[in-house]
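If you want the building blocks of each chain, they are given just below.
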Amino acid sequence: MFASQRNINTQLTLLALAIGTSISPAYAQGYGIQNANRDKANTEKWECKRCTVNSGFSGSVGVGAAYNDADDIHFGNTAGTDKDGVVGHLDADLVNKAESGYQTSFVADKLGYDTGTATLETGRPGHYNITLGYRGLAHYDTNDALSPYVNNGDNQSLPSNWQTGAITSQMPTLLEDVRNLELKTERERFLLGGDYLGSFYRAEVNYQHEKRQGKRAFSGNILTNSAMLAQPIDDTTDEFGAKIYFNGKGWLIGVDSSFSQYKNDHDAISWQNAFTPTFGAAYSGQSAVSPDNKAYRIGANAQLSGNGHQVLMHLGVASFTQDDAFLPATINGLSPALPTTSLDGKVDTTEMKLKYNGRIVRGLSVRASYDYSDRDNKTTLNPYPQVITDSYYAGTAINPEYDRTKQQAKLAAKYRINRAIYLNAGYQYDHNDYSDLDRDSLKQNSVFAKVNYSITSSWSAWLKAEFSDRSGSTYKAVTTTNSQSNPYLRKSYLADRERQKYQLSINFNPESALSASANVHVSSDDYDDTLVGLTQVDTQGYDISANYLLSDDLSINAYLNQDWRDSDQAGSSNFGLPNWFVNTDEKSTVIGAGVDYLHLLDKKLDLGLDYTYSDGQSDTEITQGLTSPYGDYFAKRHNINAFAQYHLNEKMALRFDWIFENYQDSDWLNQGTSVDTIPNVLTFGDLSHDYSAHYVGLTFSYQL
Amino acid sequence: MKRATLAHLANRALASKKIILLAIIAMLAACSGDDGTSGNPGEPGGPPASEINALNIAINEVLFEAGIATVNYRITNESDEPVVGIPSATYLAAQLLPQGFTNAGNASEWQYFTSESCSSSCDGEFVDHKNGQYSYTFSAAFDGLNDIAFMPGATQRVVIKVGGDALPDGTDLPVTNQHYDWQDNGSAPAYTRNLIEMQTCNTCHNDLAFHGSKYNEVETCVTCHNADKVSNPDNVFAPMVHSKHLTGFPVSLADCQTCHVADETLTENMNWARVPTMAACGSCHTNIDFPSGQGHPAQVDNSNCVACHNPDWTMSAHSQADTDAVLGQFNVEVVSAKLNGDAVDFSVRLSNPATNEVYSDSADKLDFIDDLRVYANFGISVDYTTRSAKSIKLQDVEPISGSNGIYHYQIAGLTLSDDPATDKGSLALQGKLCSNDAMLANCADSDVTTTIKSSYQFFSATEVTEQGRRMVVSNETCGSCHGDQQLNYHGSRNDLEQQCQLCHNPNMQADASAVNPAASTADYKHLAHTLHAGSRESYPDINYPGNIGNCAQCHTTDDTGVLTVALPLSPTVQPLAFNDGSFTSATSAICSACHLSDSAKAHMTQQGGVFNGTEADATAGTESCATCHGQGASADVLKVHPIK
């Protein structure tokens, strides 16, 4: 983390890279830099002679003001703020370097917006660093949700003069009492980190505190009636991590550990029943919220390499616990006794990885790996009384364990036929064991083959084919659910499946102004033993992108991406063989084009313009003799992002930003509805968006 | 021909005995009549049918052109010989909307399009291909008929009704309905509404037919009895049929599967539990008004029903499973019995079949026994003696002796028959058990009782015996309408096979002044006959659902496979006793319960029957009924009754 501002300097860089690759297990295919033969390298000579260190203050600061059109707060996802009208922000990119090598930097972007960031970093790059950071994240859903409920702490209450109704249209004051609510989530992250690099080791500690606030949709159910509620979110997550790594010639070993703690300011969500109770005295409902919980994790990594062979080992254990006090089984009438006062839940996981990479002979390398992961739920099993939606007692149920053991073995080889062509092929076996699911185990055999072909120095291409076959133990529908499963149902994640996937990629990368690439992919999932359930999924897609440097100052780029997904599902209305069928066609299109024109007007003016269009839609048709389509489900966005930066003089610049967005989405689930459209669901109404919004900003920056 | 006559008979509103008699006579006349002439020779499809007892209509296809349907079908007789020259037919067309289509939770619904007829003239175009093949083209496209839009892909139904008239040569044609479900795109229908077989209805109703006996298949009924055809919503098929069975139903209404019989060949046969709707459920649960929330929380439509009343719940609520489970934990048997003077000494063993264990305590010590009584009568040779001995309640009396599950009791004061040493008697048992859901429970803790299945044990002067009184009706035959020992009288007596007869025996007397004396005695045979015929004053509401002339609905067969109505009667059958001391000879008494016209009585008297004579005359054996009506004779009662 925060490795963005480090100067490339001396032999330590390689070590840092080695550590980096061992931590993030993205191993290259045998020819990666970690496989380079460094034994004879005179790294002294690698020192950058031209990287002169400039001491003193440098960088820039900027202040900006903008007009933001946030009638629909959804535009905030693009603009970075949901504040309507004039908004201000601060940007900075400052660094102070001392002759000694000591360096302090401050970087800020859009500070003042919900999505602003700031980082203060001090230390001696390559030796030690201390980082202090802030980052805002926000997601804006809607400011148009309608509800008669008022939120106070854990409670959702109705106006004092509320009159219940058996159905929404019989609630006499509903339409007068509804108000607009915002559904959005804002997160603020504070970070503190430090790292130290010794001669043969590296140590790193970091701490992150995240505070989350906002509201999200919640469904308050009482028997067959339901009210959509804006559930308040007020919680924090603290994470602490520490790592230490030791290295020597051909080996590296290390331990990393982390601890995280989640705290929810809310204990429950409780709500007044807007409906006339179906049974007795169900005047209110209560539901548990995410409980406070903790997680610990510790892992050990080791890496050995030499003579073209490399072995990597990882062992990790983690433990997840929560012990929040239970709410009563019901708040309506006498609650049946619970077997314990809290869950005292504990889940332990164990993870093990073993990898080998090696070059066997010239042109042939192999890699093999074995991964093991186990989830062991150690929570005590108890019979818990079931009071269905605070209404009636329905016996007891035992908490299922959902234990799981996953094993994966891979064997692959890469063979270089000649300078232009190499082959890559492999086999993978996956074996999963489960408890409390409809199948005890699943196994999958997969093979893949890939050929890379460098046609000319400018043209290259690769083609990849994959095939996998999944099956497992006898399918026995679980009996722990409230309603029985159709005996012909095969849940898609446990069903037998044959998968085929093909990809073709062509790249044009000459040493000239134009570069381009194109990819095509198709896949097919055939659930060959499923009569009821998901039976077939086919996908196709392609993307094309090109970049053209017209001159040093003028470049244009464009891209086009389209994907299709076609899913077939079979169902049964009479608990027998399939007699209705669903086809879902999904399609997404992304088109973009951009131009950057720099150094105009005697190098005083830079211009940039980007346009993107994205369109995602899903069409579902259900057929049982008669064919009936579902309604609209789509999102469409046109986005223009333009800037003009004018350098007033060597130190000062003025930047103008313009963002325009035209956005529409709709979901047949709530399209065209009002709060009382559905008799037994008090909804938020129509939550679709349809807006055109502008963001116009002016930023003044000063170069130090 | 036979079907038509019987269907006519089933119109029980007109089923006075006179009409039955006439109908039987008419049938005999018809059977000895013309065989019919041969059909046109040389036509393809084989020689035309020469005799027709049944018609088979095979609908080959429905051709659909420009929205107009043409149905091609073939009609044959019971021997698969083509039937040519059918003079008339009716064609019905309807469309089925799938479950949940009209709104979430709604059942599938039939939509009536049209009914067209052909006789001397046709609504549409009728072609007799003269080889058993026929075609009918409807007069118009279905789309828009009866204001119903034809929906491509929907399941469609065509019903053809023929019969009830005769071929040009005079051969009678039985009324026959045949349906055909199809889909306009040519493939098999994607969904159906096959809930019930007509055969199930006819287990009680025999040959049910309506509207002038024209329509006799449930698949026909539903094409018209739907919301788009009938003006009164009470006449939509499901609510109509449910509410018609609400009164006088011979078995518990709570058992939906009396009619909705489990049948894997009917894809929707579990709809009664899986598709609860306000209309279907409300037609039995008549105290509920769903929209206004009377008797049930308000519901505006069917979308929520299944959320609470899921199939498991509904099946469990209407299930006999708890009763069966409770009964499975208790068995009572008489293990020994013998005469001791005018008393019977017997021993009883109580056991739990579920665990295969004997209850070691006697009944008076078992806290789950609410009632367990034993009755006795001795004198099977005379269909029992007058009722005399008082029954004993095992839960109240201490056994005389016994241990470890077998306990000895005595019933004293039996009236014995003339020669007890060669005669036999019966012990009958009845009772109730205290229960809680599926388990036996202490009666102090539970108000719920489960009635056991009554049982009996024959015994001689010295021991228990297999053989005893002849079996005339069985619990199985009674159960075809009343459920398996589900009909309880006098609290918990439900063994209709052998228990009732202990008291309802020939010593019961008829009212000498009664118009129909059989309807005034409680002697079992006369009681059962007149009850089902609806001729007893104290049971005026009895509407026998089947054909009263079908003796086999109730009577069982003897060891040799002969129906127990066959003449001559068993010599143990006693004459009908009257309260003025007179007697009517046994056979005449039985026949005249239904055949009570003066002419019928005169016929019986002429043939030796004695009405209200002395006991000596009534038992002198002067009846010669069996000569003509005996088994195998020309007018065998087994043949002259419409027995199926």
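Residues numbered from 1 in each chain as written. Chains lettered and ligands numbered in written order. Predicted model: local features only at pLDDT ≥ 70, side-chain atom pairs only at ≥ 80, totals over all residues.

Caption draft 1: The arrangement of the overall build of chain B in detail. The helix and strand inventory of chain B stands at 17 helices and 23 strands. With respect to the principal axes defined by its C-alpha atoms, chain B has extents near 90 × 65 × 40 Å. When each of the 644 residues of chain B is scored for burial, the buried share is 38%. Counted over contacts in chain B with a minimum sequence separation of 6, partners at least 24 positions apart contribute 64%. (Helix = DSSP H or I, 4+ residues; strand = E, 2+ residues; numbered from the N terminus. Buried ≥ 20, exposed ≤ 12 C-beta atoms within 10 Å, placed from the backbone. Contact = placed C-beta atoms within 7 Å.)

Caption draft 2: Focus on the overall build of chain A. Along chain A, the regular secondary structure elements total four helices and 34 strands. Seen through its C-alpha atoms, chain A measures out along the principal axes to roughly 85 × 65 × 55 Å. Per-residue burial over chain A gives 20% buried out of 704 residues. Considering only residue pairs separated by 6 or more positions, chain A has 61% of its internal contacts joining residues 24 or more positions apart.

Caption draft 3: Inspection of the UniProt feature "domain: Outer membrane cytochrome MtrC/MtrF-like" (unreviewed entry) in chain B at higher detail. All names here are of chain B. When the UniProt feature table is mapped to this numbering, "domain: Outer membrane cytochrome MtrC/MtrF-like" (unreviewed entry) covers residues 193-319 and 470-642. The straight-line gap between the two end C-alpha atoms of residues 193-319 is 23 Å; of that span, 34% is helix and 0% is strand. In residues 470-642, helix accounts for 27% and strand for 4%; the two terminal C-alpha atoms are 24 Å from one another. (UniProt positions renumbered as here; feature names shortened; annotations may be inferred.)

Caption draft 4: Summary view of the pairing of strand β9 (residues 201-222) of chain A. All names here are of chain A. Where strand β8 (residues 179-197) lies against β9, 13 bridges are found, and the strand directions are antiparallel. Each bridged residue has a counterpart across the sheet, and for E188 the counterpart in β9 is K211. In terms of strand pairing, β9 meets strand β10 (residues 225-248) through 22 bridges, oriented antiparallel. Each bridged residue has a counterpart across the sheet, and for K211 the counterpart in β10 is T236. Where β9 folds back on β10, the antiparallel hairpin that results is connected by two residues, among which L223 adopts a positive phi of roughly 55°. (Pairing = 2+ DSSP bridges.)

Caption draft 5: A look at the domain arrangement of chain B. Once the domains are mapped, chain B shows domain 1 (36-191), domain 2 (241-319), domain 3 (324-502) and domain 4 (509-640). Averaged C-alpha coordinates put domain 1 of chain B and domain 4 of chain B at centres separated by 46 Å. (Domains from an automatic or database assignment.)

Caption draft 6: Looking closely at the sheet that holds strand β21 (residues 509-510) of chain B. Judged by pairing direction, the sheet is mixed, and its three strands sit side by side in the order β21-β22-β23 (chain B) without closing on themselves. The open sheet has two free edges, formed respectively by β21 and β23 (583-584) of chain B, since each of these has just one partner strand.

Caption draft 7: Summary view of the pairing of strand β15 (residues 309-322) of chain A. All names here are of chain A. One ladder, built from 13 bridges, connects strand β14 (residues 293-306) with β15; its direction is antiparallel. By the bridge assignment for β15, G306 is matched with H309. As paired strands, β15 and strand β16 (residues 345-361) are joined by 14 bridges and run antiparallel to one another. Within β16, the position partnered with V311 by the bridge is Y356.

Caption draft 8: Quick peek at the sheet that holds strand β8 (residues 176-182) of chain B. Residue and element names in this part refer to chain B. Spatially, β4-β3-β7-β8 is the arrangement adopted by the four strands of the open sheet, whose pairing is antiparallel. The strands lining the two open edges of the sheet, one partner per strand, are β4 (109-118) and β8. The average undirected angle you get between the axes of adjacent strands in this sheet is 20°. (Axes fitted to C-alpha atoms, helices over the stretch in contact; angles between N-to-C directions.)

Caption draft 9: Here's a closer look at unusual backbone geometry. Residue P568 of chain B follows L567 of chain B across a cis peptide bond; omega there is 0°. By the secondary structure assignment, P568 of chain B is in the loop between α12 (524-533) and β22 (576-578). Phi is positive for H599 of chain A, which is not a glycine, with a value near 60°. The partly exposed category is assigned to H599 of chain A, around which 15 C-beta atoms lie within 10 Å. Its identity is not glycine, yet S213 of chain B carries a phi of approximately 65°, on the positive side. Relative to the elements of secondary structure, S213 of chain B occurs in the loop between α3 (198-205) and α4 (218-224).

Caption draft 10: Looking closely at the nonpolar core. Residue and element names in this part refer to chain B. Among the nonpolar cores identified, the biggest contains 44 residues, and I75, Y91, A93, V158, I160 and V162 are the most heavily contacted of them. Sorting the residues of this core by element identifies β1 (55-65), β2 (68-77), β3 (89-97), β4, β6 (133-137), β7 (155-162) and α4 as the ones contributing at least two each. It is β3 that provides the largest number of residues to this core, a total of seven residues. Of all hydrophobic cores here, the second largest spans 37 residues; its members include V334, L339, I369 and I411. (Core = buried A, V, L, I, M, F, W, Y, C linked by C-beta atoms within 7 Å.)

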